[in-house]
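# Inside the fold
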Amino acid sequence: AQSVTQPDIHITVSEGASLELRCNYSYGATPYLFWYVQSPGQGLQLLLKYFSGDTLVQGIKGFEAEFKRSQSSFNLRKPSVHWSDAAEYFCAVWSLMSDDYKLSFGAGTTVTVRA
Amino acid sequence: DAGVIQSPRHEVTEMGQEVTLRCKPISGHNSLFWYRQTMMRGLELLIYFNNNVPIDDSGMPEDRFSAKMPNASFSTLKIQPSEPRDSAVYFCASSLGSGVTEAFFGQGTRLTVV
C-alpha cells in the first residue's frame, strides 16, 4: 500500500525561527502529495499540494514544500513561524492504485511554538 | 459556502447504544470520505463514496459500522452497537471529482462511548 511517513512526532520551535517538517512517501508512480494543518478542535485545512510541475510549491500562511523524487520526500517549510502556527501538521498522499484508491495520511507532527 | 457540515459536534453515549453521525458535503462535490482519528492510529479512512456509491469500505472496522449516502447532500455513519473503543473524532470530507483533488474537511464529531 502507498503511504507517507512523518518521522517527527513533536517539534518545538521559537517564534520567528524557521520550521521544517519532514515527510517521506512510499509510492511507485508520481505521487500526489498534500500538507494539511489541524488546529486544536478543528478539522483539517489544506496548506498546499503537489501534483506535477515545479517541485517547489507555495501554500497558504507562508508555507512552502519541496518535492524531491530522489529522496522520496515532500518536506514542509516556513521561514519564520508565528505563535498561531502551533498545530498538528499532516502529510498525505493520494493513491491511485486500483486496489488502494484513497487519500492516506501520515501520523502527524505536532508543532509547539515558544515565545 | 458553509463548508462540510457535521453533526453533532460532540456525542456521549453508553456502550451498546446506536450512534449516528451525519455529514452534509459541500454542494456540488461528488466524493465523500469518512475518517476516524485516534491518538493510537491517527487518521484512518473508513469509507469513500463517489457519486453516492461506496467505492472503498475496506477501512470500516467491523460489521457494527455502516455508512450510507442516500443522496448527494447527505451521508450517515452508524455504529450499532457502540463500544468504548469506538471513542474517537470522526471526520467527514468531500471533494469535487472522482480523481485526485483537494479534500475539504468538516470540523468533526467527537464521540465518547462510556
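Reading the values: the criteria
Residues numbered from 1 in each chain as written. Chains lettered and ligands numbered in written order. Predicted model: local features only at pLDDT ≥ 70, side-chain atom pairs only at ≥ 80, totals over all residues. Heavy atoms only, no water. Helix = DSSP H or I, 4+ residues; strand = E, 2+ residues; numbered from the N terminus. Rg over C-alpha atoms; globule rule 2.2 N^0.38 Å. Buried < 20%, exposed > 50% of the residue type's maximum accessible area, 1.4 Å probe, protein only. Contact = heavy atoms within 4.5 Å. Areas by Shrake-Rupley, 256 points an atom, 1.4 Å probe, with all protein chains shown as cover. Lys, Arg positive; Asp, Glu negative; His and termini not counted. Charge placed at Lys NZ, Arg CZ, Asp CG, Glu CD. Disulfide = S-S within 2.5 Å. Buried area = accessible area lost by both parts, 1.4 Å probe. Salt bridge = Lys/Arg side-chain N within 4 Å of Asp/Glu carboxyl O. Polar contact = N/O pair within 3.5 Å; in protein donor to acceptor, adjacent residues only side chain to side chain. Nonpolar A, V, L, I, M, F, W, Y, C, P; charged D, E, K, R; others polar. Core = buried A, V, L, I, M, F, W, Y, C linked by side-chain atoms within 4.5 Å. Pairing = 2+ DSSP bridges. Axes fitted to C-alpha atoms, helices over the stretch in contact; angles between N-to-C directions.

## Topic: the overall build of chain A
A tally of helices and strands in chain A yields zero helices and 12 strands. Its helices and strands taken in sequence order, chain A reads β-β-β-β-β-β-β-β-β-β-β-β from the N to the C terminus. Taking 2.2 N^0.38 as the reference for a compact globule, 115 residues should give roughly 13 Å; the C-alpha atoms of chain A span a radius of gyration of 14 Å, in line with that estimate. In terms of principal-axis extent, the alpha carbons of chain A reach across some 45 × 30 × 20 Å. Scored against the burial criterion, the 115 residues of chain A give a buried share of 46%. Taking the intrachain contacts of chain A between residues at least 6 apart in sequence as the baseline, contacts between residues at least 24 apart amount to 55%. Of the roughly 5400 Å² of accessible surface on chain A, 49% is carried by carbon and sulfur atoms. Of the charged side chains in chain A, 9 are positive and 10 negative, and the gap between their average positions amounts to 1 Å.

## Focus on the state of the cysteines
With the rule as written, the count across this model stands at two disulfides over all chains. Through a disulfide, cysteine 23 of chain A is tied to cysteine 91 of chain A; the S-S separation comes to 2.0 Å. Of note, the bridge from cysteine 23 of chain A to cysteine 91 of chain A carries an S-S torsion of about -65° and is left-handed in sense. Remark: cysteine 91 of chain A occurs in strand β10 (residues 87-97) and cysteine 23 of chain A occurs in the loop between β3 (19-21) and β4 (24-26); sequence separation between them is 68 residues. The exposure classification of cysteine 23 of chain A matches that of cysteine 91 of chain A, with both residues buried. Here cysteine 23 of chain B is linked by a disulfide to cysteine 92 of chain B, with a sulfur-sulfur distance of 1.9 Å.

## A closer look at the interface of chain A and chain B
In this assembly, 18 residues from chain A lie in contact with 18 residues from chain B. For the pair chain A and chain B, the summed buried area comes to about 1600 Å², and 59% of that belongs to carbon and sulfur atoms. Inspection of the chain A/chain B interface yields zero salt bridges. Where chain A touches chain B, the interface holds five residue pairs in polar contact (both at pLDDT 80 or more). Broken down by secondary-structure element, the contributors of at least two residues to the side of chain A that touches chain B are β5 (32-38), β6 (44-50), β10 and β11 (100-105) of chain A. A per-class count over the side of chain A that touches chain B returns 12 nonpolar, four polar and two charged.

## Here's the deal with unusual backbone geometry
For the bond from serine 7 of chain B to proline 8 of chain B, the omega torsion is -10°, close enough to zero to count as cis. In this structure, proline 81 of chain B follows glutamine 80 of chain B across a cis peptide bond, with omega equal to -5°. Of note, the phi angle at lysine 61 of chain A is positive, near 60°, even though the residue is not glycine. One can find lysine 61 of chain A in the loop between β7 (56-58) and β8 (64-68). The partly exposed category is assigned to lysine 61 of chain A, whose relative accessible area is 44%.

## A look at the nonpolar core
In a soluble, globular protein the nonpolar side chains are often hidden away together inside. Counting 27 residues, the largest nonpolar core has Trp35, Leu48, Phe74, Leu76 and Tyr89 of chain A as its most contacted members. Contributions of two or more residues to this core are made by β2 (10-14), β3, β5, β6, β8, β9 (73-78), β10 and β12 (109-114) of chain A. Counting residues in hydrophobic clusters, the runner-up holds 21 residues, among them Leu46, Ile47, Phe49 and Val113 of chain B.

## Concerning the sheet that holds strand β3 (residues 19-24) of chain B
Residues and elements named next belong to chain B. Strand order in the open sheet formed by four strands is β1-β3-β8-β7, and the pairing between neighbours is antiparallel. The open sheet has two edge strands with one neighbour each: β1 (5-7) and β7 (65-71). Direction aside, the axes of adjacent strands within the sheet are offset by 15° on average. Note: β1 against β3, three bridges, orientation antiparallel. Following the sheet pairing, isoleucine 5 is matched in β3 by lysine 24.

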